[in-house]
Amino acid sequence: MEVGFLDRYDYIENIVSFLKGITGINYQLQLGEILKIYYEYLGKKYEMPDFYGGDQKNDGYVLEDGLFYQIFAPTRLKKSLKKEIQKKFTEDLSNLLKIIYEEKKWNENLNEFIFIVNTFDNNLPHDSENFFKNKVNMFQEKYSVTFEYKITNTDYIRNILTEVNDIEVLKRISAILRIRNMM
């Protein structure tokens, strides 16, 4: 590798490292910027409701796919992180389903729910008791619907960005995050 030459993976790792160093609403906003460009690359529209006006348990979505994101970005990790994740997941998914299927909003369709947790540089806590699977099954039964779900962390961004074959898209993300000059 010649000096000064960066490949796609250098950009991806820099983006992920940056995300692991931010917290709270800033993490949510920066994820929104990345997802907006990623879905634009795929020819789709990602939207992020204004959180100040009440986002209706929807931190971002691709309406045509029935895909909804919820982001949990604590400002620091606590020993009770597992319980906090479970509580936030349950509240957010429960309220989103109510808004979609009872209040008839967001196009009345949920195909996939992605719950991203900022774990900084840690892994997600284990789910050996199948907490999330059981909650989802309960909600699917209650609303007579089926949908995919994922509980993930910042590694999700790494995974989706590896699908981007155009390095210019990754450079654009780096520029928007104001980290391109760090490369």
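Here we summarise the structure given alongside this text. Model, not experiment: these values are computed from the prediction.

### Comments concerning the side chain of Ser174
Here is step 1 of the chain: With respect to the helices and strands, Ser174 occurs in helix 6 (residues 167-176).
Here is step 2 of the chain: Ser174 gets classed as buried once you look at its relative accessible area, which sits at 0%.
Here is step 3 of the chain: Leave out the neighbours within four places in its chain, and Ser174 touches Tyr11, Ile15, Ile179 and Arg180.

### Topic: the pattern of salt bridges
Here is step 1 of the chain: Summed over all chains, the structure comprises 11 salt bridges.
Here is step 2 of the chain: For Glu168, the salt bridge is made with Lys171, and the minimal N-O distance between the two is 3.3 Å. Taken together, the residues span about one helical turn, with Glu168 and Lys171 both in helix 6 at a distance of 3 residues.
Here is step 3 of the chain: A cluster of three or more residues bridged by salt bridges with shared partners is formed by Glu13, Lys20, Asp155 and Arg158.

### A closer look at the sheet that holds strand 2 (residues 67-72)
Here is step 1 of the chain: Reading across the sheet, the 4 strands line up as 1-2-3-4 and stay open at both edges, with mixed pairing between neighbours. The sheet terminates laterally at strand 1 (60-62) and strand 4 (148-152), the two strands that pair on one side only. Across the sheet, the mean angle from the axis of one strand to that of its neighbour is 15°, orientation sign disregarded.
Here is step 2 of the chain: Across the sheet, helix 2 (residues 24-41) touches strand 1, strand 2 and strand 3 (112-117), and the angle it forms with strand 2 is around 155°.

### Some words on the packing of helix 1 (residues 8-19) against helix 6
Here is step 1 of the chain: At a closest axis distance of 9 Å, the pairing of helix 1 and helix 6 adopts a crossing angle of 25°. What the angle tells us is that helix 1 and helix 6 run roughly parallel. Remark: the crossing between helix 1 and helix 6 carries left-handed chirality. On the side of helix 1, the interface is formed by Arg8, Tyr11, Ile12 and Ile15, while helix 6 contributes Ile167, Leu170, Lys171, Ile173 and Ser174.

### Things to note about the pairing of strand 4
If a strand is regular, its side chains alternate between the two faces of the sheet.
Here is step 1 of the chain: Pairing of strand 3 with strand 4, which is carried by 5 bridges, proceeds in the parallel orientation. When the sheet's bridge partners are listed, Ile116 is paired in strand 4 with Thr152.
Here is step 2 of the chain: With helix 4 (residues 131-143) bridging strand 3 and its parallel neighbour strand 4, the resulting β-α-β unit is right-handed.

### So, the pairing of strand 2
Here is step 1 of the chain: Most of strand 2 sits inside the fold, with 6 of its 6 residues counted as buried.
Here is step 2 of the chain: Of the two faces of strand 2, the one holding Leu67, Tyr69 and Ile71 and the one holding Phe68, Gln70 and Phe72 are both buried throughout.
Here is step 3 of the chain: Sheet topology note: the strand 1/strand 2 ladder contains 3 bridges and is antiparallel. From the neighbouring strand, Val62 faces strand 2, where its bridge partner is Leu67.
Here is step 4 of the chain: Hairpin remark: strand 1 followed by strand 2, antiparallel, with 4 residues in the connecting loop; positive phi at Gly66, about 65°.
Here is step 5 of the chain: Pairing analysis gives 6 bridges linking strand 2 to strand 3, with the strands arranged parallel. Following the sheet pairing, Gln70 is matched in strand 3 by Phe115.
Here is step 6 of the chain: Handedness of the crossover is the feature at issue here: the chain leaves strand 2, passes through helix 3 (residues 81-102), returns alongside strand 3, and the resulting connection is right-handed.

Rules behind the numbers
- Residues numbered from 1 in each chain as written.
- Predicted model: local features only at pLDDT ≥ 70, side-chain atom pairs only at ≥ 80, totals over all residues.
- Heavy atoms only, no water.
- Helix = DSSP H or I, 4+ residues; strand = E, 2+ residues; numbered from the N terminus.
- Buried < 20%, exposed > 50% of the residue type's maximum accessible area, 1.4 Å probe, protein only.
- Contact = heavy atoms within 4.5 Å.
- Salt bridge = Lys/Arg side-chain N within 4 Å of Asp/Glu carboxyl O.
- Pairing = 2+ DSSP bridges.
- Axes fitted to C-alpha atoms, helices over the stretch in contact; angles between N-to-C directions.
- Parallel < 35°, antiparallel > 145°, perpendicular 65-115°, else oblique.
- Left-handed = near helix turned anticlockwise from the far one by under 90°.
- Right-handed = clockwise from strand over helix to strand, strands pointing away.

Just distances and angles here, no functional claims.
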